[in-house]
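A structural walkthrough
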Amino acid sequence: MDQDENAIRDVVKRVEAGWNAGSGEAFAAPFAEDADYVVVNGMHTKGRAEIAEGHERIFSTFYKGSVNTYTVEGVRFIRPDVAIAHVHHVLKYRDGEGTQEITARSTWVLTKNDGEWSIAAFQNTPIRR
């Protein structure tokens, strides 16, 4: 399981790197083709292409130049090919009032197909201060 947990942690790093590069395509690449993605306002997005497109929009507007830091809080294997990861996020972005910071926790369901891990479902929840 250590090798699989490391592979899942690498998936998280790839998503983080895609965000910080401002690339919707790179951000969405680790998601399954038919992934479910629920954002902090409850909106449900379906599929890697739609996830990429939505992130391209936010990376070119209000989250342009933002930095998101992801910390894996834990990984639990449901089966050898299915895992749940909880990830803590710290998002820093600039707006008209200066630099803002948002913290959130997300739940990721990952599946292993043909030796590769991908994100099948993702739900993001803000952490209130």
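Structure report, in brief. Predicted model, so just to flag it, every value in this text is computed and none were measured. All residue numbers here refer to positions counted from 1 along the written sequence of the relevant chain. This being a predicted model, a pLDDT of at least 70 is required before a residue's local features are given, and a value of 80 or more before pairs of side-chain atoms are given or counted; all residues contribute to the totals for chains, interfaces and linings. Side-chain metrics in this entry use all non-hydrogen atoms of the structure; hydrogen atoms and water are not considered.

Bringing the layout of surface pockets into the picture now. The pocket and cavity definitions rest on a 1 Å grid over protein atoms only: a 1.4 Å probe that fits but cannot leave marks a cavity, an open set with protein on both sides within 12 Å along at least five of seven lines marks a pocket, and residues lining either have an atom within 4 Å of a point. Grid points are joined across faces, edges and corners, and a volume is the space filled by probe spheres set on the points. Counted as a void, the largest pocket has a volume near 550 Å³. The wall of the largest pocket is formed by 25 residues, among which Val-39, Val-40, His-55, Ile-58 and Tyr-63 lie closest to the centre. Only runs of H or I of at least four residues qualify as helices and only runs of E of at least two qualify as strands under DSSP, and these elements are numbered from the N terminus. Broken down by secondary-structure element, the contributors of at least two residues to the lining of the largest pocket are α3 (48-59), β3 (67-79), β4 (82-95), β5 (98-113) and β6 (116-126). Put simply, Ala, Val, Leu, Ile, Met, Phe, Trp, Tyr, Cys and Pro go in the nonpolar bin, Asp, Glu, Lys and Arg in the charged bin, and everything else, Gly too, in the polar bin. Within the lining of the largest pocket, the residues separate by chemical class into 15 nonpolar, eight polar and two charged.

Grouping buried Ala, Val, Leu, Ile, Met, Phe, Trp, Tyr and Cys residues that are joined through side-chain atoms within 4.5 Å yields what is termed a nonpolar core. Exposure is judged per residue with a 1.4 Å probe applied to protein chains only, and the accessible area is read against the type maximum: over 50% gives exposed, under 20% gives buried, and values in between give partly exposed. By size, the foremost hydrophobic cluster in this structure holds 31 residues, and its most contacted members are Phe-27, Phe-31 and Trp-108. Breaking this core down by element, the ones donating at least two residues are α1 (2-20), α2 (24-28), β1 (31-38), α3, β3, β4, β5 and β6. What makes two residues a contact is simply this: any of their non-hydrogen atoms within 4.5 Å. Look past the residues within four positions of Phe-31 in its chain and what remains in contact with it is Val-15, Tyr-37, Arg-48, Ile-51, Ser-118, Ile-119 and Phe-122.

This next bit is on the sheet that holds strand β2 (residues 44-46). Read across the sheet, six strands follow the order β2-β1-β6-β5-β4-β3 without closing on themselves; strand pairing throughout is mixed. The open sheet has two edge strands with one neighbour each: β2 and β3. Sheet twist, expressed as the mean angle between neighbouring strand axes with direction ignored, is 15°. Note: two strands are recorded as paired if DSSP finds a minimum of 2 bridges between them. With four bridges joining them, β1 and β6 adopt parallel strand pairing. Each residue of the ladder has a partner; that of Val-38, found in β6, is Gln-123. In this description, a line fitted to the C-alpha atoms serves as the axis of each element, helices being fitted only across the stretch in contact, and the angle between N-to-C directions of two axes falls anywhere from 0 to 180 degrees. On the sheet, α1 packs against β1, β3, β4, β5 and β6 and is oriented at approximately 150° with respect to β3.

It is worth spelling out the pairing of β3 at this point. The two faces of a sheet get side chains in turn, since along a regular strand they alternate between them. Two strands pair when backbone bridges link them, and β3 and β4 are joined in this way by eleven bridges, in the antiparallel orientation. Bridge pairing links Arg-76 to Ile-84 in β4. Between β3 and β4, which follow one another and run antiparallel, lie two residues.

Purely spatial values, then, with no claim about function.
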